[in-house]
Amino acid sequence: MNEHARLEARPIPFTDVDAQRRRLGRAVDDAITRVLAHCQFINGPEVRALEAELAAFCGARHAVACSSGTDALRLVLMAWGIGPGDAVICPTFTFCATAEVVALAGATPVLADVNPDTFNLDPASCARAVATAKRLKLAPRAVIPVDLFGLPADHDAVAAIAADHGLKVLDDAAQSFGATYQGRRLGTLGTAAATSFFPAKPLGCYGDGGAIFTDDDGLAARIRSLRVHGESPGDKYNAVAIGITGRLDTIQAAVLLEKLKIFPDEIVARNAVAQRYADGLAGTATLPRVGDEATSVWAQYTVRLEPGRRDALAAALKAQGIPTAIYYRKPLHRQAAYRGFPVGDGGAPVAERLAEAVISLPMHAYLEPLVQERIIAAVREALVG
Ligand SMILES: Cc1ncc(COP(=O)(O)O)c(C=O)c1O
């Protein structure tokens, strides 16, 4: 079978953890074996080494590894003492964890609309959500901009609103670790940032994991305590705060240390894949654009379609063995668990339209040009004939 026929015959994965495993060879297996040999499964040396590498990678003063992206967000809110009577502004077009942690803290997520081009928090809607929170007699304490699909939010605009209203900024970089904004890697924007190492994320481990980034020494120390049941430093069985079991397993840290070595290269590869989509799909749909101030890590390649065309495109691609995904079919304020939370004045019409129009195509660092040609041809055929 020639190369073309081989690639034609193979089912196309949406993300390809397998191809990455092949590239890494025995490196991850050996790293795990080293942990099995030293048996420090909790807070082993790999965890500290990973924290140092992550901090160096993004330029943050502190990186604190933890059990998931959700716990990373949650630990920051706990450390800030956010709770009942407080409001935290979140975009409504995001994964539910962004607002879930606010509700878990006993505070109120106030949901804001997003920008139609970037899918990220719309600063004007964010400012209106602050006003809504005040009218509801809630104390606006923080804003969680999300860098959706790997693209940084409008951090300057968010910082200006935060400064006006005395809000802390918690950057939800779960999908975007490795991206840059004005030449700075995410992790250094906001008062603190959180990321996820869920396997499908641009930098993923082989289970659940996450990390918090901050330049604030006091905040980092409180989070380190909270992730181990609020223990006091050097006095393990003397809890000084109510915390959680929020640690990252040593085995996952060992996996991430190996994956971090090839991550810069993978970011370049992801950008090449995005560029091939941009060239090949021009004129078929509204394609993602990245402004001069930012770079994306392309957690997803998400296009917008004219109303009513999505199901037919998904079906046509599926018939050719090409998977698609829809992030997100419902904005948070339309989901049962979040319906009761306030939406900022003006509502979220953009998020509602996007939820009907977006579709994501296969995206990962190992998408071969010939396979991508097949995807592009199928999309073109379905949309423009
Ligand atoms: C925007 C966003 N925030 C938070 C999370 C939560 O991360 P985790 O699944 O690691 O808890 C995710 C994960 O999908 C996410 O996409």
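Preceding this paragraph is the structure being described.
Computed from a prediction, not measured in an experiment: that's the story for all the values here.

J.: Tell me about empty space enclosed by the protein, and please be specific about residues and values.
T.: In the structure shown here, the tally under the stated rule is three cavities of 30 Å³ or more. Of the pockets and cavities examined, the largest cavity occupies roughly 140 Å³. Taken together, 15 residues make up the lining of the largest cavity; nearest its centre are Asp16, Gln20, Lys201, Pro202 and Arg270. Every element with two or more residues in the lining of the largest cavity is listed here: helix H2 (17–24) and helix H10 (250–281).

J.: So what's going on with the sheet that holds strand E6 (residues 180–181)? Residues and values would help.
T.: Across the sheet, which stays open at both edges, the three strands sit in the order E7-E6-E12 with antiparallel pairing between neighbours. Two strands lie at the open edges of the sheet, namely strand E7 (184–185) and strand E12 (294–295), each paired on one side alone. Relative to E12, E6 runs antiparallel, the two sharing two bridges. Looking at the pairing, Tyr181 lines up with Ala294 of E12.

J.: Please provide a residue-by-residue account of the packing of aromatic side chains, values included.
T.: With the rule as written, the count across this model stands at 12 aromatic pairs. Considering the side-chain rings of Phe57 and Phe177, the 5.4 Å spacing of their centres and the 40° angle between planes classify their relative orientation as tilted. Of this pair, Phe57 sits in helix H4 (residues 45–58) while Phe177 sits in the loop between strand E5 (168–172) and E6; the two residues are 120 residues apart in sequence, bridging distant segments of the chain. Each member of the pair, Phe57 as well as Phe177, carries the same accessibility label: buried. Between Phe119 and Phe149, the aromatic rings sit 5.4 Å apart at their centres with planes inclined by 80°, giving edge-to-face as the arrangement. Here the residue Phe119 occupies a position in the loop between strand E3 (108–112) and helix H7 (123–135), and Phe149 occupies one in the loop between strand E4 (139–143) and helix H8 (155–165), the gap between them amounting to 30 residues. Owing to a relative accessible area of 4%, Phe149 belongs among the buried residues under this scheme. Ring pairing ties together the aromatic residues Phe93, Phe119, Phe149, Tyr327 and Tyr328, which thus form one cluster. Of note, Arg185 hangs over the ring of Phe57, and the distance from its end group to the ring centre comes to 3.9 Å.

J.: How would you sum up the side chain of Asp16? Please name residues and give values.
T.: Position of Asp16 among the secondary structure elements: in the loop between helix H1 (3–9) and H2. For Asp16, which is buried and forms no salt bridge, the nearest opposite charge comes from Arg22, at a distance of 4.6 Å. When near neighbours in sequence (up to four residues on either side) are disregarded, Asp16 contacts His364 and Tyr366.

J.: Now, about the side chain of Thr250: what can you tell me, with residues and values included?
T.: On the secondary structure map, Thr250 appears in helix H10. Setting aside its immediate chain neighbours within four residues, Thr250 contacts Val35, His38, Gln40, Phe41, Ile42, Asn43, Gly44, Glu46 and Val47.

J.: Which residues make up the site of the ligand, and what values go with them?
T.: Near the ligand, the surroundings consist of 15 residues, among which Gly69, Thr70, Asp172, Ser196 and Lys201 are the closest. Gly69 places a main-chain nitrogen or oxygen 2.8 Å from an oxygen atom of the ligand. Here Thr70 contributes a side-chain N or O atom positioned 2.5 Å from an oxygen atom of the ligand. Protein contacts shield 91% of the accessible area of the ligand, which totals 390 Å² for the unbound molecule. Of all the elements in the fold, those that place two or more residues in the shell around the ligand are helix H5 (69–79) and helix H6 (97–104).

J.: Break down the layout of surface pockets for me, with residues and values.
T.: By volume, the largest pocket amounts to about 480 Å³. Those elements giving two or more residues to the lining of the largest pocket turn out to be H5 and H6. In terms of residue count, the dominant contributor to the lining of the largest pocket is H5 (three residues). Classifying every residue of the lining of the largest pocket by side-chain character gives 12 nonpolar, 10 polar and three charged. Within this model, the second largest pocket holds a volume of roughly 240 Å³. Per-class residue counts for the lining of the second largest pocket are eight nonpolar, four polar and four charged.

J.: Got a sec to walk through the packing of H4 against H10? Specific residues and values, please.
T.: Two elements in contact, H4 and H10, have axes whose closest approach is 8 Å; the angle formed by their N-to-C orientations is 25°. Comparing the axis directions of H4 and H10 gives the class roughly parallel. When the axes of H4 and H10 are compared, the crossing they make is left-handed. For the pair H4 and H10, contact is made by Glu46, Val47, Ala49, Leu50, Glu53, Leu54 and Phe57 and by Thr250, Ala253, Ala254, Leu256, Leu257, Leu260, Phe263, Pro264 and Ile267, respectively. Looking at the contact of H4 with H10, its residues break down into 13 nonpolar, one polar and two charged.

Cut-offs applied
Residues numbered from 1 in each chain as written. Predicted model: local features only at pLDDT ≥ 70, side-chain atom pairs only at ≥ 80, totals over all residues. Heavy atoms only, no water. 1 Å grid on protein atoms, 1.4 Å probe; cavity = no way out; pocket = protein on both sides within 12 Å on 5 of 7 lines; lining within 4 Å. Points joined across faces, edges and corners; volume = space filled by probe spheres on them. Helix = DSSP H or I, 4+ residues; strand = E, 2+ residues; numbered from the N terminus. Pairing = 2+ DSSP bridges. Phe/Tyr/Trp six-rings, centres within 6.5 Å; stacked < 30°, edge-to-face > 60°. Buried < 20%, exposed > 50% of the residue type's maximum accessible area, 1.4 Å probe, protein only. Lys NZ or Arg CZ within 6 Å of the ring centre and 35° of its normal. Lys, Arg positive; Asp, Glu negative; His and termini not counted. Salt bridge = Lys/Arg side-chain N within 4 Å of Asp/Glu carboxyl O. Contact = heavy atoms within 4.5 Å. Near = heavy atom within 4 Å. Polar contact = N/O pair within 3.5 Å; in protein donor to acceptor, adjacent residues only side chain to side chain. Areas by Shrake-Rupley, 256 points an atom, 1.4 Å probe, with all protein chains shown as cover. Nonpolar A, V, L, I, M, F, W, Y, C, P; charged D, E, K, R; others polar. Axes fitted to C-alpha atoms, helices over the stretch in contact; angles between N-to-C directions. Parallel < 35°, antiparallel > 145°, perpendicular 65-115°, else oblique. Left-handed = near helix turned anticlockwise from the far one by under 90°.

That is the geometry; function is a separate question.
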